[in-house]
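Letter by letter, the chains look like this.
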Amino acid sequence: MNLKTLLKKWTLPMAMLFGITVYLLFAFIPVLEPAAVLLSPFMDAILPLFMFLILYVTFCKVDFRNLIPVRWHFWVGVFQVFFVALIVGAILLFNVKGNNLILLESILTCIIGPCAAAAAVVTMKLGGSLEEMTTYIFLSNFLCAILIPICFPLIEPGNGMGFWSSFLLILYKVCAILVVPMILAYITKHFKPLHHFHLWLTNVKDLSFYLWGCSLTIVTGTTMKNIVHANAGVPFLLLIAFFGLMICILQFAVGRYIGHFFQSTVNAGQSLGQKNTAFAIWIAYTYLNPLSSVGPGCYILWQNIINSIEIWYYGKYKTSKRGGSEVCT
């Protein structure tokens, strides 16, 4: 295995480790404290830019003519809305406060987040449909852009703002990150003067993957910051991580269950289970209690473990099937 392959294989774990290490260095070495104060607003501002660029680069490679909704898209979307309504309804109905509210907010961010752009890559590795998956990523981003501005002002009214003021502010910020990249990607792909730029952009190998690695470094550092400054004990943080695991398993399981009715088990499972966790962490510490970002921070680990198991099992199945066919002949 050469160095380039090794680095690519370990990019995401190294990005997470680097984010944690850099934050701890700046947090606990006094001489670096002024630099930490100076860089903190810059890091907060640059994360949305990375998420914007990841989606833009990804959608520049999409053939928009093949983006056709199918039936399982509708049912997966319905269940996501149902799960979101269940959590928001529980918070409002029982007037949840304190640690219980933080726990439910962490669960909500793991549910309400859009499907990750990387889900299409994993789906291909599992023998699913790239076109169906990419279509749902589009639909999921639009759904998320509607749900977040509606739900979050009800849970955490911002700075004394009314519902509609909060709704419009969050709608603007969320659409700027989720919807605008789709529109710009479409223009880039179909506007002739931008043809050479589009060709160059799509030929940069693994660009969105490495942009994702950079964003992962920032969100991991941010999550560690929220943990260090949290007024909560280790048992409560472990409880958030545990519920993140349960929600991850539930969403993958429900997605696969929906998919088996439409011969799209892999696609539907990935669409409901694999989340854009960088975006989920950003919305958690921007609009909710910052400690709730621990939920999607742990979700990164859980969904990657599930994906690794699925890819390993699928590879083993293909190998055994190939071996069986050789014996038969």
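Residues numbered from 1 in each chain as written. Predicted model: local features only at pLDDT ≥ 70, side-chain atom pairs only at ≥ 80, totals over all residues. Heavy atoms only, no water.

A word on the environment of leucine 93. Relative to the assigned elements, leucine 93 resides in helix H4 (residues 71–93). Between the C-alpha atom of leucine 93 and that of isoleucine 305, which follows or precedes it by 212 residues, the distance is 35 Å. (Helix = DSSP H or I, 4+ residues; strand = E, 2+ residues; numbered from the N terminus.)

In this section: the UniProt feature "transmembrane region" (unreviewed entry) in the protein chain. Residues annotated in UniProt with the feature "transmembrane region" (unreviewed entry) correspond here to residues 12–32, 38–60, 72–96, 102–124, 136–155, 167–188, 209–228 and 234–254. Secondary structure content for residues 72–96 is 88% helix and 0% strand, and the end C-alpha separation is 34 Å. A helix fraction of 100% and a strand fraction of 0% characterise residues 136–155, whose end C-alpha atoms lie 27 Å from each other. (UniProt positions renumbered as here; feature names shortened; annotations may be inferred.)

Attention now moves to the packing of H4 against helix H13 (residues 265–273). Packing of H4 against H13 leaves a shortest axis separation of 10 Å and a crossing angle of 30°. Taken together, the axis directions place H4 and H13 in an arrangement best described as roughly parallel. Seen from above, H4 lies across H13 with right-handed handedness. Contact residues: Trp72, Val76, Gln80 and Phe83 in H4; Asn267, Ala268, Ser271 and Leu272 in H13. (Axes fitted to C-alpha atoms, helices over the stretch in contact; angles between N-to-C directions. Parallel < 35°, antiparallel > 145°, perpendicular 65-115°, else oblique. Left-handed = near helix turned anticlockwise from the far one by under 90°. Contact = heavy atoms within 4.5 Å.)

Unlike most non-glycine residues, asparagine 95 shows phi in positive territory, near 50°. Checked against the element boundaries, asparagine 95 lands in the loop between H4 and helix H5 (98–112). In this structure, glutamine 263 is a non-glycine residue whose phi angle is positive, near 55°. Turning to its location among the elements, glutamine 263 is positioned in the loop between helix H12 (234–259) and H13.

What follows is about a nonpolar patch on the surface. A grouping of Phe74, Trp75, Val78, Phe79, Phe82 and Leu86 is seen on the molecular surface, where their side chains present a nonpolar patch of about 580 Å² in accessible area. Following the sequence through the fold, tryptophan 75 ends up in helix H4. According to the relative accessible area criterion, tryptophan 75 is partly exposed, its value standing at 39%. (Patch = residues over 30% accessible without salt bridge, like charges linked within 9 Å, V, L, I, M, F, W, Y side chains within 5 Å. Areas by Shrake-Rupley, 256 points an atom, 1.4 Å probe, with all protein chains shown as cover. Salt bridge = Lys/Arg side-chain N within 4 Å of Asp/Glu carboxyl O. Buried < 20%, exposed > 50% of the residue type's maximum accessible area, 1.4 Å probe, protein only.)

Our focus in this paragraph is the packing of aromatic side chains. The description of an aromatic ring pair uses the distance of the two centres, along with the angle that the planes make with each other. Summed over all chains, the structure comprises 16 aromatic pairs. The interplanar angle of 85° and the centroid separation of 5.1 Å between the aromatic rings of phenylalanine 64 and tyrosine 186 together place this pair among those described as edge-to-face. In this pair, phenylalanine 64 sits in the loop between helix H3 (33–60) and H4 while tyrosine 186 sits in helix H9 (residues 180–190), placing the two residues 122 residues apart along the sequence. Residue class for tyrosine 186 comes out partly exposed when judged on its relative accessible area of 43%. Pairwise contacts between aromatic rings join Phe59, Phe64, Phe138 and Tyr186 into one cluster. (Phe/Tyr/Trp six-rings, centres within 6.5 Å; stacked < 30°, edge-to-face > 60°.)

Here the focus is the pattern of salt bridges. Enumeration according to the criterion identifies two salt bridges in this entry. Of the charged contacts, one joins arginine 256 and glutamate 310 as a salt bridge, the two residues approaching to 3.1 Å between their closest N and O atoms. With a gap of 54 residues between them, arginine 256 in helix H12 and glutamate 310 in helix H15 (residues 294–328) connect regions that are remote in the sequence. Looking at arginine 256, the relative accessible area reads 34%, which means it is partly exposed.

Relative to the 21 Å expected for 15 residues at 1.5 Å per residue, H5 spans 21 Å between its end C-alpha atoms, a close match to the ideal helical length. Of all 15 residues in H5, twelve are buried; the element is thus mostly enclosed. The complete set of buried residues in H5 reads Leu101, Ile102, Leu103, Leu104, Glu105, Ser106, Ile107, Leu108, Thr109, Cys110, Ile111 and Ile112. (Expected span 1.5 Å × (residues − 1).)

The next point concerns the packing of H3 against helix H14 (residues 277–287). Direction vectors running N to C along H3 and H14 enclose 145°, while the axes themselves pass 10 Å from each other. When you trace H3 past H14, the crossing you get is left-handed. Together, Asp44, Leu47, Pro48 and Met51 of H3 and Ala278, Phe279, Trp282 and Tyr285 of H14 make up the contact between the two elements. Among the residues making up the contact of H3 with H14, the classes are represented as seven nonpolar, no polar and one charged. (Nonpolar A, V, L, I, M, F, W, Y, C, P; charged D, E, K, R; others polar.)

Ranked by size, the top nonpolar core spans 88 residues in total, and within it Ile112, Ile148, Phe152, Phe279 and Trp282 carry the most contacts. The contact partners of tryptophan 282, leaving out residues within four places of it in the chain, are Leu47, Pro48, Met51, Lys173, Ile177 and Tyr287. (Core = buried A, V, L, I, M, F, W, Y, C linked by side-chain atoms within 4.5 Å.)

So, about the environment of valine 266. Tracing the backbone shows valine 266 in helix H13. With relative accessibility at 21%, the residue valine 266 sits in the partly exposed group. Through-space distance from the C-alpha of valine 266 to that of methionine 124 is 9.4 Å; in sequence the pair is 142 residues apart. Those residues within four positions of valine 266 in sequence are excluded, and the remaining contacts are Thr123, Leu126, Gly128 and Arg256.

Before going further, it helps to examine H9. Restricting attention to buried positions, one finds in H9 the residues Pro181, Met182, Ala185 and Thr188. With its buried residues spanning 125° around the axis, H9 presents them on a single face. Those residues of H9 hidden inside the fold are in contact with H3, helix H7 (130–155), helix H8 (163–178) and helix H10 (195–203). (Arc of directions from axis to C-beta.)

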